[in-house]
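# Architecture and fold: a report
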Amino acid sequence: MEGKAAAIKINMDKKCVRCGEAGALESGYCMGCATKLITDMAIGPHTLSAIQHQIGVLFREYQRKIDKTVKACGNELSITFKVELKVLNNQVAVQTGIDFTAEKIKDKAEVAMVSEIQGGLFETER
Ligand SMILES: [Zn+2]
(Lines give C-alpha, C1' and ligand atoms only; values in the text may rest on other atoms or scores of the structure.)
Protein backbone atom coordinates (compact mmCIF):
# COMPACT_ATOMS: atom_id res chain seq x y z
CA MET A 1 0.00 0.00 0.00
CA GLU A 2 1.24 3.47 -0.86
CA GLY A 3 0.64 6.45 1.39
CA LYS A 4 -2.55 7.56 -0.27
CA ALA A 5 -5.00 7.03 2.57
CA ALA A 6 -5.29 10.76 3.33
CA ALA A 7 -5.97 11.84 -0.26
CA ILE A 8 -9.44 12.89 -1.32
CA LYS A 9 -9.98 12.15 -5.00
CA ILE A 10 -12.66 14.03 -6.85
CA ASN A 11 -13.56 12.64 -10.23
CA MET A 12 -14.86 15.58 -12.28
CA ASP A 13 -16.26 13.27 -14.96
CA LYS A 14 -18.46 11.50 -12.43
CA LYS A 15 -21.76 12.92 -11.27
CA CYS A 16 -22.90 12.82 -7.64
CA VAL A 17 -25.26 9.90 -7.09
CA ARG A 18 -27.38 12.07 -4.79
CA CYS A 19 -27.69 15.52 -6.42
CA GLY A 20 -26.22 15.02 -9.89
CA GLU A 21 -23.52 17.71 -9.54
CA ALA A 22 -20.36 17.08 -11.53
CA GLY A 23 -17.40 16.03 -9.39
CA ALA A 24 -17.86 13.03 -7.19
CA LEU A 25 -15.72 11.38 -4.56
CA GLU A 26 -15.00 7.66 -4.72
CA SER A 27 -18.09 7.11 -2.55
CA GLY A 28 -20.16 8.53 -5.43
CA TYR A 29 -21.15 11.69 -3.52
CA CYS A 30 -20.00 15.24 -4.22
CA MET A 31 -18.22 17.17 -1.45
CA GLY A 32 -21.45 18.97 -0.48
CA CYS A 33 -23.48 15.80 -0.15
CA ALA A 34 -20.65 13.98 1.65
CA THR A 35 -20.49 16.83 4.19
CA LYS A 36 -24.25 16.79 4.61
CA LEU A 37 -24.26 13.05 5.17
CA ILE A 38 -21.57 13.40 7.84
CA THR A 39 -23.42 16.18 9.69
CA ASP A 40 -26.68 14.23 9.39
CA MET A 41 -25.02 11.32 11.13
CA ALA A 42 -27.29 9.90 13.79
CA ILE A 43 -24.75 7.91 15.77
CA GLY A 44 -21.91 9.93 17.29
CA PRO A 45 -20.32 11.18 20.50
CA HIS A 46 -23.62 11.97 22.22
CA THR A 47 -24.71 8.40 21.65
CA LEU A 48 -21.49 7.19 23.25
CA SER A 49 -22.06 9.47 26.25
CA ALA A 50 -25.56 8.08 26.72
CA ILE A 51 -24.25 4.50 26.51
CA GLN A 52 -21.49 5.25 29.04
CA HIS A 53 -23.94 6.94 31.37
CA GLN A 54 -26.42 4.06 31.27
CA ILE A 55 -23.72 1.46 31.81
CA GLY A 56 -22.49 3.49 34.78
CA VAL A 57 -25.98 3.58 36.26
CA LEU A 58 -26.50 -0.16 35.76
CA PHE A 59 -23.06 -0.96 37.14
CA ARG A 60 -23.55 1.18 40.25
CA GLU A 61 -26.98 -0.29 40.82
CA TYR A 62 -25.63 -3.83 40.75
CA GLN A 63 -22.07 -3.43 42.01
CA ARG A 64 -22.89 -5.00 45.38
CA LYS A 65 -24.47 -8.01 43.72
CA ILE A 66 -21.62 -8.17 41.22
CA ASP A 67 -19.16 -8.09 44.11
CA LYS A 68 -21.04 -10.84 45.96
CA THR A 69 -21.40 -12.93 42.84
CA VAL A 70 -17.79 -12.68 41.72
CA LYS A 71 -16.68 -13.86 45.17
CA ALA A 72 -19.20 -16.69 45.13
CA CYS A 73 -18.04 -17.75 41.67
CA GLY A 74 -14.36 -18.26 42.50
CA ASN A 75 -13.45 -14.63 41.73
CA GLU A 76 -14.50 -14.92 38.13
CA LEU A 77 -17.60 -13.54 36.54
CA SER A 78 -18.74 -12.71 33.05
CA ILE A 79 -20.93 -9.64 32.75
CA THR A 80 -22.68 -8.83 29.50
CA PHE A 81 -23.69 -5.26 28.68
CA LYS A 82 -26.04 -5.09 25.75
CA VAL A 83 -26.53 -1.86 23.81
CA GLU A 84 -29.59 -1.39 21.65
CA LEU A 85 -29.81 1.59 19.29
CA LYS A 86 -32.81 2.63 17.28
CA VAL A 87 -32.73 5.68 14.99
CA LEU A 88 -35.99 7.60 14.62
CA ASN A 89 -36.08 11.05 12.95
CA ASN A 90 -32.43 11.97 13.68
CA GLN A 91 -32.75 10.82 17.25
CA VAL A 92 -31.24 7.70 18.65
CA ALA A 93 -33.03 5.61 21.21
CA VAL A 94 -30.29 4.22 23.42
CA GLN A 95 -30.94 1.35 25.75
CA THR A 96 -28.33 -0.68 27.51
CA GLY A 97 -28.84 -3.81 29.52
CA ILE A 98 -26.79 -5.79 32.01
CA ASP A 99 -26.71 -9.55 32.24
CA PHE A 100 -24.68 -11.74 34.53
CA THR A 101 -25.29 -15.30 35.39
CA ALA A 102 -24.92 -16.45 38.98
CA GLU A 103 -28.20 -14.91 40.11
CA LYS A 104 -29.63 -14.55 36.61
CA ILE A 105 -29.82 -10.78 36.92
CA LYS A 106 -31.14 -9.00 33.88
CA ASP A 107 -32.20 -5.37 33.80
CA LYS A 108 -32.50 -2.49 31.38
CA ALA A 109 -31.88 1.25 31.73
CA GLU A 110 -34.46 3.82 30.68
CA VAL A 111 -34.42 4.64 26.96
CA ALA A 112 -32.43 7.84 26.29
CA MET A 113 -33.31 9.93 23.25
CA VAL A 114 -30.14 11.51 21.81
CA SER A 115 -29.61 13.93 18.95
CA GLU A 116 -26.23 14.65 17.32
CA ILE A 117 -27.46 17.75 15.48
CA GLN A 118 -25.69 20.30 17.73
CA GLY A 119 -22.36 18.56 17.12
CA GLY A 120 -19.46 20.26 15.32
CA LEU A 121 -19.50 20.28 11.52
CA PHE A 122 -16.56 17.93 11.08
CA GLU A 123 -16.72 16.13 14.35
CA THR A 124 -16.63 12.73 12.69
CA GLU A 125 -16.91 9.54 14.60
CA ARG A 126 -17.18 6.39 12.58
ZN1 LIG B 1 -24.14 15.83 -4.34
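Residues numbered from 1 in each chain as written. Predicted model: local features only at pLDDT ≥ 70, side-chain atom pairs only at ≥ 80, totals over all residues.

Across its full length, the protein chain holds two helices and six strands. Reading the secondary structure of the protein chain in the N-to-C direction produces β-β-α-α-β-β-β-β. Across the 126 residues in the protein chain, those meeting the buried criterion constitute 10%. Nonlocal contacts in the protein chain, meaning residues at least 24 apart in sequence, comprise 43% of its contacts between residues at least 6 apart. (Helix = DSSP H or I, 4+ residues; strand = E, 2+ residues; numbered from the N terminus. Buried ≥ 20, exposed ≤ 12 C-beta atoms within 10 Å, placed from the backbone. Contact = placed C-beta atoms within 7 Å.)

Turning to the nonpolar core, a few remarks are in order. Counting residues in each nonpolar core, the largest one holds five residues, listed as Ala50, Ile51, Val92, Val94 and Val114. Only helix H2 (45-72) and strand S4 (91-100) provide two or more residues apiece to this core. Residues in contact with isoleucine 51, not counting those within four places in the same chain, are Val83, Val94 and Thr96. (Core = buried A, V, L, I, M, F, W, Y, C linked by C-beta atoms within 7 Å.)

Now for the environment of serine 78. Positionally, serine 78 belongs in the loop between H2 and strand S3 (79-88). Serine 78 sits 22 residues away from phenylalanine 100 along the chain, and the two C-alpha atoms are 6.2 Å apart. Discounting residues that sit within four places of it in the chain, serine 78 has contacts with Phe100 and Thr101.

What follows deals with unusual backbone geometry. Phi is positive for asparagine 75, close to 60°, though the residue is something other than glycine. Positionally, asparagine 75 belongs in the loop between H2 and S3.

Let us look at the pairing of S4. For S3 and S4, the ladder comprises ten bridges, and the chain directions are antiparallel. Residue pairing for S4: glutamate 84 is matched across the bridge by glutamine 95. Where S3 hands over to S4, the hairpin turn is made up of two residues, of which asparagine 89 adopts a positive phi near 45°. With four bridges connecting them, S4 and strand S6 (residues 112-115) associate as antiparallel partners. (Pairing = 2+ DSSP bridges.)

At tyrosine 62, H2 is deflected by roughly 60°, the largest bend along its length. Buried residues of H2: Thr47, Ala50, Ile51, Gln54 and Leu58, and no others. Remark: glycine 74 follows H2 within two positions and exhibits a positive phi of approximately 65°. (Bend = angle between axes of the 7 residues up to and from the residue.)

So far we have only geometry, and geometry alone does not tell us how the molecule works.
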